[in-house]
Protein chains: 4
Amino acid sequence: MKHLPLGPLCYEFSRHNEPRLRIESGETVLVEAEDAFSGQIRTNDDRRDKSLKPYGNPQTGPIWVGDAAPGDALAVKIESIEPSIGQCATRTSDPKQLAQWLGTDCPHGTHVCPIHDGLIYWSDDLTIPYRPMLGCIGTAPDTGVPTTGPAGPHGGNMDIIETAPGNTVFLPVYVEGAYLYLGDAHAAMGHGELSASGLEMASKTTITVELLKGKTIPAPRIEAPNEIMTIATGCPMERSIAQAYAWLSLWMEADYGWGRWRAYDILTHVGQISVGYYDIGTVAAKIDKEYLAKPS
Amino acid sequence: MKHLPLGPLCYEFSRHNEPRLRIESGETVLVEAEDAFSGQIRTNDDRRDKSLKPYGNPQTGPIWVGDAAPGDALAVKIESIEPSIGQCATRTSDPKQLAQWLGTDCPHGTHVCPIHDGLIYWSDDLTIPYRPMLGCIGTAPDTGVPTTGPAGPHGGNMDIIETAPGNTVFLPVYVEGAYLYLGDAHAAMGHGELSASGLEMASKTTITVELLKGKTIPAPRIEAPNEIMTIATGCPMERSIAQAYAWLSLWMEADYGWGRWRAYDILTHVGQISVGYYDIGTVAAKIDKEYLAKPS
Amino acid sequence: MKHLPLGPLCYEFSRHNEPRLRIESGETVLVEAEDAFSGQIRTNDDRRDKSLKPYGNPQTGPIWVGDAAPGDALAVKIESIEPSIGQCATRTSDPKQLAQWLGTDCPHGTHVCPIHDGLIYWSDDLTIPYRPMLGCIGTAPDTGVPTTGPAGPHGGNMDIIETAPGNTVFLPVYVEGAYLYLGDAHAAMGHGELSASGLEMASKTTITVELLKGKTIPAPRIEAPNEIMTIATGCPMERSIAQAYAWLSLWMEADYGWGRWRAYDILTHVGQISVGYYDIGTVAAKIDKEYLAKPS
Amino acid sequence: MKHLPLGPLCYEFSRHNEPRLRIESGETVLVEAEDAFSGQIRTNDDRRDKSLKPYGNPQTGPIWVGDAAPGDALAVKIESIEPSIGQCATRTSDPKQLAQWLGTDCPHGTHVCPIHDGLIYWSDDLTIPYRPMLGCIGTAPDTGVPTTGPAGPHGGNMDIIETAPGNTVFLPVYVEGAYLYLGDAHAAMGHGELSASGLEMASKTTITVELLKGKTIPAPRIEAPNEIMTIATGCPMERSIAQAYAWLSLWMEADYGWGRWRAYDILTHVGQISVGYYDIGTVAAKIDKEYLAKPS
């Protein structure tokens with residue numbers, strides 16, 4: 001197994017970025033990533049230094065995948081996500097779109113949460129089950145520059161709960177070598193990532209990367225043991241829901257023997273939506289595999 | 001237990017509408033409702049006659065709740081929802097917002113689905129678990145006229161999965177007597193109600209109605225055995241998500257001993273979103289009760 | 001000319017509302033309306049008393065139009081809009097969607113602005129040209145209850161600048177008698193009505209009402225001397241823009257000899273958008289009449 | 001005056017992009033750009049060859065501006081925009097968001113329109129005044145890669161009518177040298193750019209570029225002889241309108257002596273909105289200069 005240790009923190013990779021690791025299809029890699037606070041919050045008293053670059057959301061990568069070319073896809077199996085230092089951190093901040101109801105006197109409320117025995121200690125009294133996921137995973141968009149700006153067809157900053165151990169993320173390839181990167185792990189996350197600060201965690205993620213030669217997909221997909229899903233992003237969210245369900249219907253048509261309109265019908269009755277970071281309108285549209293097997 | 005049988009089908013109640021039933025707080029009522037196709041689809045060959053009024057979404061009611069006045073709320077416990085005739089029906093139609101991806105050659109695809117032994121027979125091969133819910137339940141908005149137009153603070157056409165047996169729906173009262181009504185039952189429904197035609201079912205719903213005197217709430221709420229939720233509606237959906245979470249934070253502050261910013265923080269990590277009819281942006285923002293008990 | 005003087009202030013008309021005036025097609029009426037503050041702000045020191053009903057947006061009407069029936073339309077020519085008392089008033093309030101940029105320390109800033117010689121005296125130094133319009137004009141929606149809730153196909157609370165003297169507003173009829181009403185005059189208004197408080201003015205509006213028997217239209221339209229426009233409302237605004245332009249294309253096809261796709265093409269190059277109250281997504285899509293005459 | 005002739009067509013500049021021209025603050029440049037069809041449509045019978053890269057929206061640049069660094073701004077005065085070959089071209093295509101009203105049987109309708117004597121000959125009968133503008137003008141976002149993807153704080157693909165001769169566009173600088181680029185000229189454009197295909201024109205644009213050292217702005221601005229405006233982009237459009245007006249209020253506070261809440265008030269009454277490409281929610285919020293001079 002290859003190992004990609006922490007390197008220089010990158011928010012946006014420079015335009016002369018060189019791959020930090022080169023792998024072939026089928027390889028497994030352990031990727032270390034700093035948390036979304038760039039490691040600046042290790043105790044409750046720490047405050048962020050925004051003069052440092054990047055003060056937020058550093059990624060690890062890019063990883064060059066041998067033979068990957070525009071029009072291909074990657075299948076990235078997430079084997080595991082472990083905390084690097086046994087803790088995570090979060091903070092509240094300006095409530096953005098909630099200000100008209102809650103006001104703007106939000107305390108910053110930075111606090112560090114220990115993680116052990118499968119639990120996150122959010123406060124003395126309250127624990128949250130450890131359900132890790134990656135806030136960001138993506139390939140380079142066709143600019144060739146890995147980005148943690150708003151998510152897109154290349155993946156990126158999606159903040160989808162299902163980007164989790166045991167699941168496989170499918171990503172389009174837009175540039176030679178794919179330029180895979182990841183980071184922004186959360187120890188757990190609710191739908192919407194309301195305050196925009198999850199339980200941010202320095203992480204060790206193990207992935208296995210397969211190149212799907214000639215497999216062209218319009219946007220990220222995830223396959224879990226029991227369900228498949230398509231991911232769309234963009235405001236307004238009702239449009240990204242329409243788009244994600246449309247793509248799921250077309251996927252069911254292309255790969256599972258369903259007619260698109262039969263798929264459209266059954267999704268009306270059994271489809272599910274998982275909401276990512278709400279402010280940029282990321283959603284996953286899902287269907288249980290038990291239904292997929294019966295195209296009628 | 002009182003019984004409100006099927007009466008004349010009403011889409012929008014006339015402006016001289018008289019209550020069809022009068023109850024007092026605490027009473028249990030069995031309410032019969034026609035399906036959202038106004039009972040016009042009983043076999044696969046039936047087609048809707050749009051010249052009839054209403055050809056769609058008839059409701060049963062209004063029910064006058066004694067002593068209810070503006071500023072109060074109703075707590076409507078849904079005891080059970082049963083199919084009236086052992087079947088439901090659905091159809092595909094114009095894909096509205098999906099047309100740019102799927103095209104507009106959608107067949108109408110009307111089909112009737114038998115319901116028995118806890119299963120909905122969607123096709124010869126595929127069954128869906130029977131998980132009934134009410135597409136519509138509401139009080140009259142302050143116009144005094146029950147409506148199945150877009151959902152609002154009065155409830156109405158919400159299409160939220162959690163409007164289900166075992167749960168209690170809280171509704172604001174805007175007019176004297178509350179003017180409660182319900183209908184549009186679905187035998188099951190996916191998030192978003194993609195095609196706008198659920199598994200439409202003539203239904204017998206048993207509810208117990210409590211008047212909460214002087215309890216003013218800004219919008220519908222639902223309490224399930226394991227979770228509480230607030231409902232907001234309106235496009236864009238990212239705004240209704242913000243609003244639903246804001247209301248949930250304020251509810252946790254008012255009734256559960258949480259500070260609003262602590263609530264805002266924990267909802268970021270454990271909140272959940274359930275998407276109702278996507279085209280009008282209805283959502284429920286939820287939190288598990290296990291977290292509620294520990295305001296820290 | 002008939003005269004409909006100020007009567008009891010109505011925000012939402014009661015559900016047993018009786019027409020206050022009955023007219024026949026072709027009649028001209030002078031309609032007096034209170035301002036949107038219900039006349040509570042006559043000096044800079046006045047404050048609103050929200051315990052009064054309605055404290056906001058009273059309308060004058062409904063007006064019964066003889067022979068009007070569902071499926072018809074009204075053509076309401078706005079002959080003139082005059083200030084009733086030579087002044088208007090405005091105030092700033094919570095910035096709603098702007099709070100995340102501006103904060104929430106907005107002063108209420110009530111101030112009264114004299115109107116004379118075609119100018120509005122907003123401050124000692126700054127005058128604004130007097131360009132009056134009606135914030136609200138509508139027929140009853142199919143509930144039969146005139147409403148100042150969010151605008152809809154029946155018109156209502158549209159806040160479109162072009163609802164102005166010299167122009168004709170076309171409104172669908174949904175109930176017998178049409179139930180026309182108007183109010184919420186502004187002495188001038190910017191696109192979007194940013195703070196939601198225009199230059200609110202008690203007004204005397206003269207209208208001439210024609211019944212267009214059997215003319216079914218999907219939503220309000222306005223004809224000005226030099227342009228025609230369709231009005232759509234609803235969030236997100238990019239959807240209402242799409243809808244308004246689609247309706248305008250179909251109108252050009254139905255009444256002006258254009259093919260819908262040629263209309264779609266020319267609107268791309270010469271169409272104009274006027275934004276009403278931005279928070280509910282009201283827009284008018286327009287085309288100059290000089291282009292209409294040349295369907296090619 | 002420097003001259004930047006047509007070079008290799010670039011949709012997205014490669015990540016090893018080298019500036020094609022280097023200028024100093026104050027210089028005037030004549031920039032030639034191909035039309036948004038990459039010059040593939042010169043007659044009505046031409047069809048696009050999508051196998052070529054780029055088949056759409058090539059830009060000319062990047063231009064390195066000496067001494068420009070992150071935190072600065074450029075003031076780009078548009079001196080003139082001339083047609084390179086005396087014609088423009090347009091086409092209709094899939095109606096995207098209008099499909100549910102118009103259907104999807106849209107003909108491609110490619111047609112070339114001669115330009116002479118200040119008129120665009122859209123058909124034999126119908127002419128449109130020549131009012132040229134640039135669909136795209138921007139600096140590199142902080143990835144360092146000029147882009148014609150959705151517009152952003154760096155400008156880019158804004159499709160704002162006011163990007164026109166006589167006006168000055170202010171753009172933030174995110175990378176050393178600024179990396180200015182432009183293209184996508186339209187001979188005229190309606191609000192919204194409904195079909196997404198304007199009157200696409202190969203163009204010769206003359207600009208004068210000033211570096212505003214240390215002037216940090218959050219997003220593009222335009223100054224016209226009679227008005228100033230801020231530009232925001234993103235869906236839903238009601239959010240970008242809120243953002244554009246908020247930025248305009250803060251600009252009035254910073255540079256024109258207005259308090260932000262007085263600015264917020266006056267913009268309610270005299271502000272104007274210009275809608276760019278509607279599908280990505282680009283808008284300009286504007287105020288006439290005559291009001292600016294009187295902060296009261």
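About the cut-offs
- Residues numbered from 1 in each chain as written.
- Chains lettered and ligands numbered in written order.
- Predicted model: local features only at pLDDT ≥ 70, side-chain atom pairs only at ≥ 80, totals over all residues.
- Heavy atoms only, no water.
- Helix = DSSP H or I, 4+ residues; strand = E, 2+ residues; numbered from the N terminus.
- Rg over C-alpha atoms; globule rule 2.2 N^0.38 Å.
- Buried < 20%, exposed > 50% of the residue type's maximum accessible area, 1.4 Å probe, protein only.
- Areas by Shrake-Rupley, 256 points an atom, 1.4 Å probe, with all protein chains shown as cover.
- Lys, Arg positive; Asp, Glu negative; His and termini not counted.
- Charge placed at Lys NZ, Arg CZ, Asp CG, Glu CD.
- Least-squares fit on C-alpha atoms with pLDDT ≥ 70 in both.
- Contact = heavy atoms within 4.5 Å.
- Phe/Tyr/Trp six-rings, centres within 6.5 Å; stacked < 30°, edge-to-face > 60°.
- Lys NZ or Arg CZ within 6 Å of the ring centre and 35° of its normal.
- Pairing = 2+ DSSP bridges.
- Axes fitted to C-alpha atoms, helices over the stretch in contact; angles between N-to-C directions.
- Buried area = accessible area lost by both parts, 1.4 Å probe.
- Salt bridge = Lys/Arg side-chain N within 4 Å of Asp/Glu carboxyl O.
- Polar contact = N/O pair within 3.5 Å; in protein donor to acceptor, adjacent residues only side chain to side chain.
- Nonpolar A, V, L, I, M, F, W, Y, C, P; charged D, E, K, R; others polar.
- Parallel < 35°, antiparallel > 145°, perpendicular 65-115°, else oblique.
- Left-handed = near helix turned anticlockwise from the far one by under 90°.

K.L.:
How do you make sense of the overall build of chain A when you look at a structure like this?
P.N.:
Scanning chain A from terminus to terminus reveals 4 helices and 18 strands. Taking 296 residues into account, the globule formula puts the C-alpha radius of gyration at 19 Å, and chain A, at 19 Å, falls close to it. When the backbone C-alpha atoms are referred to their principal axes, chain A occupies close to 60 × 45 × 35 Å. Within chain A, buried positions represent 65% of all 296 residues. When the accessible surface of chain A is split by element, carbon and sulfur atoms take 49% of a total near 9,600 Å². Separation between the mean location of the 23 positive side-chain charges and that of the 36 negative ones in chain A comes to 4 Å.

K.L.:
Quick question: what am I supposed to make of the relation of the copies chain C and chain D here?
P.N.:
Each copy of the chain is related to the other by a rotation around an axis and a translation along that axis. When chain C is brought onto chain D, the operation consists of a screw motion whose angular component is 180° and whose axial shift is 0.0 Å, with 0.0 Å RMSD remaining. One copy is carried onto the other by what is essentially a two-fold rotation axis. An overlap of 100% is found between the interface residues of chain C and their copies at the interface of chain D, pointing to a shared contact surface.

K.L.:
Would you mind going over the packing of aromatic side chains with me for this structure?
P.N.:
Two aromatic rings are characterised by how far apart their centres lie and by the angle between their planes. Summed over all chains, the structure comprises 20 aromatic pairs over all chains. Aromatic side chains Trp251(B) and Tyr256(B) sit 6.3 Å apart centroid to centroid with 65° between the ring planes, which places their arrangement in the edge-to-face category. Judged by relative accessible area, Trp251(B) falls into the buried class, the value being 5%. A relative accessible area of 26% places Tyr256(B) in the partly exposed class. With centroids separated by 6.0 Å and ring planes inclined at 35°, the aromatic side chains of Trp122(C) and Trp258(D) adopt a geometry described as tilted. In this pair, Trp122(C) is assigned in the loop between β8 (119-121) and β9 (127-129) and Trp258(D) in the loop between α2 (237-256) and α3 (260-270), connecting two distinct chains. If you follow Arg262(B) out to its NZ or CZ, it ends over the ring of Trp122(A), 4.2 Å from the centre.

K.L.:
Could you clarify how one ought to interpret the sheet that holds strand β16 (residues 227-232) of chain A in this entry?
P.N.:
Consider a sheet: its strands pair through backbone hydrogen bonds, and that pairing is either parallel or antiparallel. All names here are of chain A. Here 9 strands make up an open sheet; going across it, the order is β1-β3-β14-β5-β12-β15-β16-β18-β17 and the pairing mixed. For this open sheet the edge positions go to β1 (2-4) and β17 (272-275), each flanked by a neighbour on one side alone. Strand-to-strand twist across the sheet, computed as the mean angle between neighbouring axes with direction ignored, equals 25°. One ladder, built from 10 bridges, connects strand β5 (residues 73-83) with strand β14 (residues 203-212); its direction is antiparallel. Looking at the pairing, Pro83 lines up with Ser203 of β14. Helix α2 (residues 237-255) contacts β15 (221-223), β16, β17 and β18 (283-288) of the sheet and is inclined by roughly 135° relative to β16. Across the sheet, helix α3 (residues 260-270) touches β17 and β18, and the angle it forms with β18 is around 95°.

K.L.:
I would appreciate a short explanation of the interface of chain C and chain D in the present structure.
P.N.:
For interface size, the figure often reported is the accessible area lost on association. On the chain D side, the residues contacting the 64 residues of chain C number 64 residues. Interface of chain C and chain D: buried area, both sides summed, is about 5,800 Å²; carbon and sulfur atoms make up 66% of it. At the boundary of chain C with chain D, the tally comes to 0 salt bridges. Listed by contribution, the elements that provide at least two residues to the side of chain C that touches chain D are α1 (99-102), β9, α2 (237-256), α3 (260-270) and β17 (272-275) of chain C. Considering each element in turn, the side of chain C that touches chain D owes the most residues, 11 residues, to α2(C).

K.L.:
Which parts of the structure should I look at to understand the sheet that holds strand β2 (residues 21-23) of chain C?
P.N.:
Residues and elements named next belong to chain C. Spatially, the 5 strands line up as an open sheet ordered β2-β4-β13-β10-β11, and their pairing is mixed. Of all strands in the sheet, those with a lone pairing partner are β2 and β11 (155-157), marking the two edges. Along the sheet, successive strands turn relative to each other by an average axial angle of 35°, direction set aside. Pairing analysis gives 5 bridges linking strand β10 (residues 133-138) to strand β13 (residues 180-186), with the strands arranged antiparallel. What sits directly across from Gly138, in β13, is Tyr181.

K.L.:
How should I be thinking about the relation of the copies chain B and chain D in this particular structure?
P.N.:
When chain B is fitted to chain D, the best match, at an RMSD of 0.0 Å, comes from turning it 180° and sliding it 0.0 Å along the axis. The share of interface residues of chain B whose copies in chain D are also at the interface is 100%, consistent with both copies meeting through the same surface.

K.L.:
Honestly, the interface of chain B and chain D in this entry has me stumped. Any pointers?
P.N.:
With 9 residues of chain B at the contact, the number on the chain D side is 9 residues. In this structure, the connection of chain B to chain D is made through 0 salt bridges. Counting across the chain B and chain D interface gives 1 residue pair in polar contact (both at pLDDT 80 or more). At the level of elements, α1 (99-102) and α2 (237-256) of chain B are the ones that each hand at least two residues to the side of chain B that touches chain D. The class makeup of the residues in the side of chain B that touches chain D is 3 nonpolar, 3 polar and 3 charged.

K.L.:
Hey, could you run me through the packing of α2(D) against α3(D) in this one?
P.N.:
The angle between the axes and the distance between the axes are what describe a pair of packed helices. Residue and element names in this part refer to chain D. Put simply, α2 and α3 touch, their axes get as near as 8 Å, and they point 130° apart. As far as their axial angle goes, α3 and α2 are oblique. Between α2 and α3 lies a crossing of right-handed hand. Where α2 abuts α3, its residues Tyr245, Leu248, Ser249, Leu250, Met252 and Glu253 lie against Arg260, Ala263, Tyr264, Ile266 and Leu267.

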